[in-house]
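A structural walkthrough
The residues making up each chain are set out below.
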Amino acid sequence: MSGAQCLILCKSVHHGNTARVARAMADALGEAAVMAAPEDVSPTSLGDYGLLGLGSGVFYGRMHPVLEEWVCGLPEVPERTMPAFVFSTSGLPFLARLWHWPLKRVLARKGVAVVGEFACRGFDTWGPLWFAGGLNRKHPDARDLARAREFAGRLSRAVYSCSPSMRAAP
Ligand SMILES: Cc1cc2nc3c(=O)[nH]c(=O)nc-3n(C[C@H](O)[C@H](O)[C@H](O)COP(=O)(O)O)c2cc1C
């Protein structure tokens, strides 16, 4: 593993919506990206990644609990330099800042700087929505995935053009 690589951890359980976004981001980064499920990567033996991405759908107002659990498992490192981004798909992505906030709070406690956030609509058939054919049908769509690719490319260029000390900035 190299410090130039980006680890994208994704938990996608409802319709695979966030997995499609994660795949688009990984495609944009090419060989620089490693995509995995949080349960397949130990937070205690993480290695030397230059950028960390954490993504899932939103469930009852927060991102999937395995992401928070994973971040809680990160060892305490006094001067952590790994920046991170958070991404989600949800029924109501215009509230993404609210949905992302609990995970960002745990990341901050572990000294991980969140340098970018991405959100888009995801097909949602939760509860009564199922009877109406669901919310956000056909999302993420091609436009959402193009935005995801563009976001990942722009963020990685910005992070890797920064000095290590800038990368650690909150
Ligand atoms: C049980 C459940 C709870 C959900 N809660 C929310 C929510 O609080 N806010 C929201 O905007 N979307 C909510 N959604 C919609 C999902 O976040 C959305 O469908 C997401 O794209 C699922 O991602 P996935 O297919 O990658 O798992 C919920 C969906 C389910 C099934």
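Calculation notes
Residues numbered from 1 in each chain as written. Predicted model: local features only at pLDDT ≥ 70, side-chain atom pairs only at ≥ 80, totals over all residues. Heavy atoms only, no water. Helix = DSSP H or I, 4+ residues; strand = E, 2+ residues; numbered from the N terminus. Buried < 20%, exposed > 50% of the residue type's maximum accessible area, 1.4 Å probe, protein only. Contact = heavy atoms within 4.5 Å. Phe/Tyr/Trp six-rings, centres within 6.5 Å; stacked < 30°, edge-to-face > 60°. Near = heavy atom within 4 Å. Polar contact = N/O pair within 3.5 Å; in protein donor to acceptor, adjacent residues only side chain to side chain. Areas by Shrake-Rupley, 256 points an atom, 1.4 Å probe, with all protein chains shown as cover. Nonpolar A, V, L, I, M, F, W, Y, C, P; charged D, E, K, R; others polar. Axes fitted to C-alpha atoms, helices over the stretch in contact; angles between N-to-C directions. Parallel < 35°, antiparallel > 145°, perpendicular 65-115°, else oblique. Core = buried A, V, L, I, M, F, W, Y, C linked by side-chain atoms within 4.5 Å. Arc of directions from axis to C-beta. Left-handed = near helix turned anticlockwise from the far one by under 90°.

Topic: the environment of Gly53
Along the chain, Gly53 turns up in strand S3 (residues 51-59). Taking the relative accessible area as the measure of exposure, Gly53 reaches 0% and is therefore buried. In the structure, Gly53 is positioned 21 residues away from Leu74 in sequence and 14 Å away in space, judged by C-alpha atoms. Excluding its chain neighbours within four sequence positions, the residues that come into contact with Gly53 are Leu7, Ile8, Leu9, Phe85 and Phe87.

With respect to the packing of aromatic side chains
A full pass over the atoms with the stated rule returns 4 aromatic pairs. Summarising the aromatic geometry, the rings of Phe85 and Phe151 are spaced 5.6 Å apart at their centres and angled 70 degrees between planes, so their arrangement reads as edge-to-face. Placement of Phe85 in strand S5 (residues 83-90) and of Phe151 in helix H4 (residues 142-160) is noted, with a sequence separation of 66 residues between them. Each member of the pair, Phe85 as well as Phe151, is classed as buried. An aromatic cluster of at least three residues, connected via ring pairs, comprises Phe85, Phe87, Phe118 and Phe151.

Side note on the site of the ligand
Neighbouring the ligand are 21 residues, the closest being Ser12, His15, Thr18, Val58 and Thr89. Asn17 has a polar side-chain atom sitting 2.8 Å from an oxygen atom of the ligand. Within the complex, 90% of the 650 Å² of free accessible area of the ligand lies under protein. Breaking the shell around the ligand down by element, the ones donating at least two residues are helix H1 (17-29), S3 and S5. Grouping the amino acids of the shell around the ligand by side-chain chemistry returns 8 nonpolar, 12 polar and 1 charged.

Points about the packing of helix H2 (residues 65-72) against helix H3 (residues 96-109)
In the contact formed by H2 and H3, the axes pass within 9 Å of each other and the chain directions differ by 10 degrees. What the angle tells us is that H2 and H3 run roughly parallel. Residues Leu67, Glu68, Val71 and Cys72 of H2 touch H3, and the partners they reach there are Pro102, Leu103, Val106 and Leu107.

Remarks on the nonpolar core
Counting residues in each nonpolar core, the largest one holds 21 residues, and the members touching the most others are Ile8, Val21, Met25, Phe85, Phe87 and Phe118. Elements supplying a minimum of two residues to this core: strand S1 (6-11), H1, S5, strand S6 (113-121) and H4. Residues in contact with Val21, not counting those within four places in the same chain, are Phe87, Thr89, Phe118, Cys120, Pro140, Leu145 and Ala148. Counting 20 residues, the second-largest nonpolar core is a separate cluster that includes Leu46, Trp70, Met82 and Val86.

What about H2?
Among the residues of H2, those classed as buried are Leu67, Glu68, Trp70 and Val71. End-on, the buried residues of H2 take up no more than an arc of 160 degrees, which puts them together on one face.

Overview of the side chain of Ser156
Note that Ser156 resides in helix H4. Not counting residues within four places of it along the chain, the set of residues in contact with Ser156 comprises Leu29 and Leu51.

Remarks on the packing of H1 against H4
The axes of two packed helices give the description: the angle between them and the distance between them. Contact pair H1 / H4: the axes reach a minimum separation of 8 Å and the direction vectors enclose 45 degrees. The angle between H1 and H4 places the two elements in the oblique class. The way H1 lies across H4 gives a crossing that is right-handed. For the pair H1 and H4, the contacting residues are Arg20, Val21, Ala24, Met25, Ala28 and Leu29 in the first and Leu145, Ala148, Arg149, Phe151, Ala152, Gly153 and Ser156 in the second. Grouping the constituent residues of the contact of H1 with H4 by class yields 9 nonpolar, 2 polar and 2 charged.

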